[in-house]
Amino acid sequence: QVQLVESGGGLVQPGGSLRLSCAASGGIFSLYAMDWYRQAPGKQRELVAGITSGGSTNYADSVKGRFTISRDNAKNTVYLQMNSLKANDTGVYYCNADVVITTSGHVGVWGRGTLVTVSS
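Quick caveat: nothing in here was measured; it's all calculated off a predicted structure.

Asks: Explain the sheet that holds strand 8 (residues 77-82) here, please?
Replies: Either a parallel or an antiparallel arrangement is found when strands of a sheet pair, and the pairing is made through backbone hydrogen bonds. Spatially, 1-3-8-7 is the arrangement adopted by the 4 strands of the open sheet, whose pairing is antiparallel. Two strands close off the open sheet at either side, each with one partner strand: strand 1 (3-7) and strand 7 (67-72). In this sheet, neighbouring strand axes are inclined to one another by 15° on average, regardless of whether the strands run parallel or antiparallel.

Asks: I would appreciate a short explanation of the pairing of strand 1 in the present structure.
Replies: Going residue by residue along strand 1, you find L4 and E6 tucked away on one face and Q3, V5 and S7 left uncovered on the opposite face. Here strand 1 pairs with strand 3 (residues 18-25) via 5 bridges, running antiparallel. Of the residues in strand 3, the one forming a bridge with Q3 is S25.

Asks: When you look at the pairing of strand 7 in this model, what are you seeing that I'm missing?
Replies: Look at any regular strand and the pattern is simple: side chains alternate between the two faces of the sheet. Only one face of strand 7 is covered, namely the one carrying F67, I69 and R71; the face carrying T68, S70 and D72 has none of its residues buried. Of the strand pairs in this sheet, strand 7 and strand 8 are connected by 6 bridges, and their pairing is antiparallel. The residue of strand 8 that forms the bridge with R71 is V78. The turn linking strand 7 back onto strand 8 is made up of 4 residues, and N76 within it adopts a positive phi angle of 50°.

Asks: When you look at the pattern of salt bridges in this model, what are you seeing that I'm missing?
Replies: Side-chain pairs of opposite charge can arise where the charged atoms are in close proximity. In total, this model carries 4 salt bridges according to the counting rule given. Here R38 and E46 are joined by a salt bridge, their closest N and O atoms 2.8 Å apart. Given the relative accessible area of 6%, R38 is considered buried. Exposure remark for E46: the relative accessible area of 34% places this residue in the partly exposed category.

Asks: Is there a simple way to explain the packing of aromatic side chains in this structure?
Replies: For any pair of aromatic rings, the description rests on two quantities: the centre-to-centre distance and the angle between the ring planes. Counting across every chain of the model gives 1 aromatic pair. Sitting over the face of the ring of Y79, R19 holds its NZ or CZ atom 4.0 Å from the ring centroid. Lying across the ring of Y94, R45 places its NZ or CZ 3.9 Å from the centre.

Asks: What should I look at first to understand the nonpolar core in this one?
Replies: Across soluble globular proteins, nonpolar side chains have a tendency to be buried as a group. Grouped together as the largest cluster of nonpolar side chains are 29 residues, with contacts concentrated most on W36, V48, F67, V78, L80, M82 and Y93. Those elements that place two or more of their residues in this core are strand 3, strand 4 (30-39), strand 5 (46-51), strand 7, strand 8, strand 9 (91-100) and strand 11 (114-118).

Asks: Before we go on, may I ask you to explain the state of the cysteines in this structure?
Replies: Cysteine pairs can be linked by a disulfide, which is a covalent bond between their two sulfur atoms. What the rule picks out here adds up to 1 disulfide. Disulfide pairing places C22 opposite C95 at an S-S distance of 2.2 Å. With the S-S dihedral at roughly -85°, the linkage between C22 and C95 falls on the left-handed side. With C22 in strand 3 and C95 in strand 9, the pair connects residues that are 73 residues apart, well separated along the chain. Judged by relative accessible area, which is 0%, C22 ranks as buried.

Cut-offs used in this document
Residues numbered from 1 in each chain as written. Predicted model: local features only at pLDDT ≥ 70, side-chain atom pairs only at ≥ 80, totals over all residues. Heavy atoms only, no water. Pairing = 2+ DSSP bridges. Helix = DSSP H or I, 4+ residues; strand = E, 2+ residues; numbered from the N terminus. Axes fitted to C-alpha atoms, helices over the stretch in contact; angles between N-to-C directions. Buried < 20%, exposed > 50% of the residue type's maximum accessible area, 1.4 Å probe, protein only. Salt bridge = Lys/Arg side-chain N within 4 Å of Asp/Glu carboxyl O. Phe/Tyr/Trp six-rings, centres within 6.5 Å; stacked < 30°, edge-to-face > 60°. Lys NZ or Arg CZ within 6 Å of the ring centre and 35° of its normal. Core = buried A, V, L, I, M, F, W, Y, C linked by side-chain atoms within 4.5 Å. Disulfide = S-S within 2.5 Å.

In short, shape yes, function no, at least from these values alone.
See below:
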């Protein structure tokens, strides 16, 4: 069973920083793309940042210049460094990964989320 576990969320003041981690475990051969999504109360889940197996990145316009996504393939882990946090960054942040589980198959897997609250 493949699992993704997010960590690093918490309460932070506006202008502060947090670093989120997402560690994959289980029957993993390798990881393709890994992404961070977030969902605020009453809103749709949105893509925040993504990184391909080759290291190419993309970001939502609202976080460009403030957030950085990175990965450590040896640890099967993806990170999201969040700086200059704003109140509207508040939400549950979810990790998503395309996981290779066999020599010919792969599946999409979601973590359970970690809550980020930006408030003074």
